[in-house]
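# Tertiary structure, described
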Amino acid sequence: MNRIYLLTILCLFLFLPMSAQTFYEVNYTDPDDDDEYIGLMIYYDDQHCKVRFINEEMLNNNDVAESNYVQVIEGKEGKDDVGIMVYAPEKKDFPILVWLWEEDDASDINEKPYCTFNPDDPETYFEVTHFEEITLNDMDQEYVEQFFGEDEEEYKMLMNGIRQVKENGNSEIILNTPEVTKPTFHLLLVANTEVSDIGVACQRDLNNLKGEFSAIAKVLGMDYDEQVVAASSYNKANVVKMVRGMKANPNDVLMFVYTGHGFRFDNQKDYFPNIDLRSSNYDDIKKSYIAMTDIYDELVKKGARLNIILSDCCNTKAGLDAPMTNVNSLFSRSNTNFDINKLQTLFLGSRGNIKATASSPGEMSWCGQNGGFFILSFLESLRSQISPLQQAAPSWDNLVSNAMTLAKSKSTSSSSTKAQNGIKLVETKVVKFDPTIRANESNEDNVAPGEGGNTLDL
C-alpha cells in the first residue's frame, strides 16, 4: 500500500473555532520505506477539509496530491471509556485518521494523531512525526509554490492573504489619533462553570470567548471592557446588576454571551429560551432565571452601535438530562489568518442588533469537553468571515446562519446526540465607520428591540 496518502486525513479531526481556512503542516515517515512526506492542510470545518502533500520525488517532478475528507464518527463509548474520532477519505486507498482520548481528557492541539487503514485494529496505528499549526505569516512565495501552481486560484488567494497578514501591523492607525474617541468593545459573559454536568464545557467557552474578543478589540485599536459572572458569583442578582449597570457610547460594540443551562415554560410563547441562574439545585427556578429576550431588549436600549446577544443553552422544559456528550475536539487557540478589512467591516462598519441561540423550542443544546457546539461554531464561522481566502464580503447574517448549520452538523455526527437547530434575529447593515462620534451624540438607525417576559424587572 502506498502510504504517501497519509497526510490527507490529518486536517479533518479539528473542531477549530474557525470554519475559516486554517493551515497545518504535518510530517510522517512511511514505516515501510522510511520515505518522508510533508503536507499542507487546509481546514474549513469538520465536514470540509483537504490537503496538498508532497515528498522529495514529487517536489522534483512538480507533482502534488490532494484529497478531501469527511468526518464519519465522532465520539464512542466503550472499553475503558475511550473516546474516538474517525475521519475517512473520499478517495480510495487513503488511510484513516484515528484520534483517541480518555474520558474527561480534553485533547490538546499539539497531540499527534494516529493513522491506519483499519481503525478496528490498534496494532496497525502509527503516529505522525510532526504536527503543527502554520499561519499565513509563516509562509512565503517559495513555501506556497511547493504545493500550488502559479495559475491556480488558491495560489493567488494564498499570496494575497500572506500579503494582507504581513501588513496587519498598520491596523490600529485609524483609532490611534488624539482627535478620535475610541469605541469600546464591551464583552459581558455569564457562564455556569461550576455546575457538575456541563461546567467543564462552560469554562472552556468562557476561556475561548475571552481570548477571541479581547484579541479582536486589540487589533482593531478598540478599548476593551470585560465583565464576567461565573463561578462563585453566578446568580441572577449579579447578572441583573451587570446588565443594569452597563453603559455604552454610540460607537461601541456590546456583546453578551451566556453558556449554561436553559429552559422554557410549557406555555411560553417566546421562541428564545430562559437562562437558568440557579447557584444550586435547591434554588427555586421560577425566581432564578431571566428570559434571553429580556436581556436583549435591555441591552439594545443602551445605545451601542452594534449589539450581539448569544446564548448556548437548551430550549426544553427544565429538569431534562444534561446535554454533555463524550465527544472531544481540538481547538486552535490562535487566529493570525485574518483580513483586517473584513474584521473592520464586521465590528467597526456594522450597525444593528443580533440575537441568536443554540436550539429551537423543545431541543437540547449539546456540548463536549471543548465547549458548547454553538459557541464553537460561532467562532468557526466568525473566522471564516474574516479569512483572507474568503471571497465573499463579510456578513453578520451569513455568520450566524453558518454557525447554526455547523452546530447542527456537530450535533448529528454522533449517535449519542440529537439535532439542534439554532434560531436567530439579525437586523444589521453595513455603515461607514465614523471615529469622530462622541459619547453624547445619538446612535441613529439603531434597530428597535423586541418583546420579552420582563423577568429582569427593569
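Per chain, residue numbering runs from 1 following the sequence as it is written. Local features in a predicted model are, by the rule used here, given only for residues with pLDDT of at least 70; side-chain atom pairs are given and counted only at 80 or more, and totals for whole chains, interfaces and linings are based on all residues. Hydrogens and waters are ignored; side-chain quantities use all the structure's heavy atoms.

### Considering the overall build of the chain
For helices the rule is a DSSP run of H or I covering at least 4 residues; for strands it is a run of E covering at least 2, with both sets numbered from the N terminus onward. Counting its secondary structure elements, the chain contains nine helices and 20 strands. Within the chain, the proportion of its 458 residues that are buried is 57%. Here, two residues are considered to be in contact whenever any of their heavy atoms come within 4.5 Å of each other. Residue pairs at least 24 apart in sequence account for 71% of intrachain contacts in the chain once pairs closer than 6 positions are excluded. Working definition of accessibility: Shrake-Rupley area with a 1.4 Å probe, residue cover restricted to the visible protein chains. In the form shown here, the chain has an accessible surface area of approximately 19,200 Å², with 44% of it arising from carbon and sulfur atoms. Exposed residues in this analysis have more than 50% of their type's maximum accessible area, buried residues have under 20%, and partly exposed residues fall in between, with area computed by a 1.4 Å probe over protein chains only.

### Observations concerning the packing of helix 8 (residues 373-385) against helix 9 (residues 396-411)
Relative to each other, helix 8 and helix 9 sit at 135°, their axes nearing to 8 Å. In this view, helix 8 runs oblique relative to helix 9, as classed from their interaxial angle. Of the two elements, helix 8 crosses helix 9, and the hand of that crossing is right-handed. Residues Phe373, Phe374, Ser377, Phe378, Glu380, Ser381, Leu382 and Gln385 of helix 8 lie in contact with helix 9, whose contacting residues are Trp396, Asn398, Leu399, Val400, Asn402, Ala403, Met404, Leu406, Ala407, Lys410 and Ser411. Across the contact of helix 8 with helix 9, the residue classes break down as eleven nonpolar, six polar and two charged. Comment: axis = line fitted to C-alpha atoms, over the contacting stretch for helices; angle = value between 0 and 180 degrees taken between N-to-C directions. Angles are sorted into four bins: roughly parallel if under 35 degrees, roughly antiparallel if over 145, roughly perpendicular if 65 to 115, and oblique for all others. Here is the rule for handedness: rotate from the far helix to the near one, and if that takes an anticlockwise turn smaller than a right angle the crossing is left-handed, while a clockwise turn gives right-handed. Note on residue classes: Ala, Val, Leu, Ile, Met, Phe, Trp, Tyr, Cys and Pro are nonpolar, Asp, Glu, Lys and Arg are charged, and everything else, Gly too, is polar.

### So, the layout of surface pockets
In this approach a probe as big as a water molecule rolls over the atoms, and the regions it shows empty are the leftover space. A cavity here means a set of points on a 1 Å grid, drawn over the protein atoms and nothing else, where a 1.4 Å probe fits but cannot get out; a pocket is an open set with protein on both sides within 12 Å along at least five of seven lines, and a residue lines either one if it has an atom within 4 Å of a point. Grid points are joined across faces, edges and corners, and a volume is the space filled by probe spheres set on the points. Estimates place the volume of the largest pocket at around 470 Å³. Val195, His261, Asp276, Arg278 and Asn281 are, among the 26 residues lining the largest pocket, the residues nearest its centre. Of the residues that constitute the lining of the largest pocket, the class distribution is eleven nonpolar, nine polar and six charged.

### Some points on empty space enclosed by the protein
Under the counting rule described, the total for this entry stands at three cavities of 30 Å³ or more. If you add up the space inside the largest cavity, you get close to 80 Å³. Taken together, 14 residues line the largest cavity, and the ones lying closest to its centre are Ile198, Gly260, Asp312, Ser365 and Cys367. The element that contributes the greatest number of residues to the lining of the largest cavity is helix 4 (residues 199-219), accounting for three residues. Looking at the lining of the largest cavity residue by residue, the classes come out as seven nonpolar, five polar and two charged.

### Considering the sheet that holds strand 13 (residues 262-263)
Within the open sheet, the three strands sit side by side as 13-14-15. Their pairing is antiparallel. Each having just a single partner strand, strand 13 and strand 15 (289-291) make up the two edges of the open sheet. For strand 14 (residues 274-276) and strand 15, the ladder comprises three bridges, and the chain directions are antiparallel. Considered in strand 15, the bridge of Asp276 is made with Tyr289. Across the sheet, helix 6 (residues 292-300) lies against strand 14 and strand 15, angled at about 65° from strand 15, the strand it touches most. Strand pairing follows a simple DSSP-based rule, namely that at least 2 bridges must link the two strands.

### A short note on the confidence of the model for the chain
You can read pLDDT as the predictor saying how much it trusts each residue, on a scale of 0 to 100. In this model, the chain carries a mean pLDDT of 81, and residues with pLDDT of at least 70 account for 79%. Within the model, pLDDT remains below 50 along residues 1-20, and this stretch shows 124 contacts once partners closer than five positions in the same chain are excluded. Across residues 442-458 the pLDDT falls below 50, and counting only partners more than four positions away or on other chains, this stretch makes 51 contacts in the model.

### Structural notes on the sheet that holds strand 16 (residues 306-312)
On the basis of which strands lie adjacent, the open sheet formed by six strands has the order 11-10-12-16-17-20 and mixed pairing. Each edge of the open sheet is held by one strand with a lone partner, namely strand 11 (223-230) and strand 20 (423-430). Direction aside, the axes of adjacent strands within the sheet are offset by 10° on average. When strand 12 (residues 253-259) meets strand 16, the two strands line up parallel, connected through seven bridges.

### Description of the packing of helix 4 against helix 7 (residues 340-347)
Helix 7 packs onto helix 4 with a crossing angle of 105° between their chain directions and a minimal axis gap of 11 Å. Taken together, helix 4 and helix 7 sit at an angle that is classed as roughly perpendicular. Along the contact surface, helix 4 presents Phe213, Ile216 and Val219, while helix 7 presents Ile340, Leu343 and Phe347.

### Description of the pattern of salt bridges
Take a side-chain nitrogen of Lys or Arg and a carboxyl oxygen of Asp or Glu: if they are within 4 Å of each other, that pair is a salt bridge. Overall, the coordinates contain ten salt bridges when judged by the stated rule. In this structure, the salt-bridge partner of Lys410 is Glu380, at a minimum N-O distance of 3.0 Å. Residue Lys410 is found in helix 9, and its partner Glu380 is found in helix 8; the two are separated by 30 residues along the sequence. In this structure Glu380 comes out as buried when scored by relative accessible area, which is 0%. Each of Arg52, Glu66 and Glu152 takes part in a single network of salt bridges with overlapping partners.

### Here we look at unusual backbone geometry
One can expect most non-glycine residues to show negative phi and most peptide bonds to be in trans. The backbone of Asn62 shows a phi angle near 60°, a positive value even though the residue is not glycine. By secondary structure assignment, the location of Asn62 is in the loop between helix 1 (56-60) and strand 4 (65-74). Here the phi dihedral of Ala231 falls at roughly 55°; this positive angle occurs in a residue that is not glycine. Considering the arrangement of structural elements, one finds Ala231 in the loop between strand 11 and helix 5 (236-245).

### Looking at the packing of aromatic side chains
Classification of ring pairs rests on two measures: the distance between centres of Phe, Tyr or Trp rings, Trp counted by its six-membered ring, which must be within 6.5 Å, and the angle between planes, read as stacked under 30 degrees, edge-to-face over 60 and tilted in between. Enumeration according to the criterion identifies eleven aromatic pairs in this entry. Taken together, a centroid distance of 6.0 Å and an interplanar angle of 40° make the contact between Tyr114 and Tyr125 tilted. Within this pair, whereas Tyr114 is found in strand 7 (residues 114-116), its partner Tyr125 is found in the loop between strand 7 and strand 8 (126-127), the two being separated by eleven residues in sequence. On the basis of relative accessible area, Tyr114 is assigned to the partly exposed category, the value being 30%.

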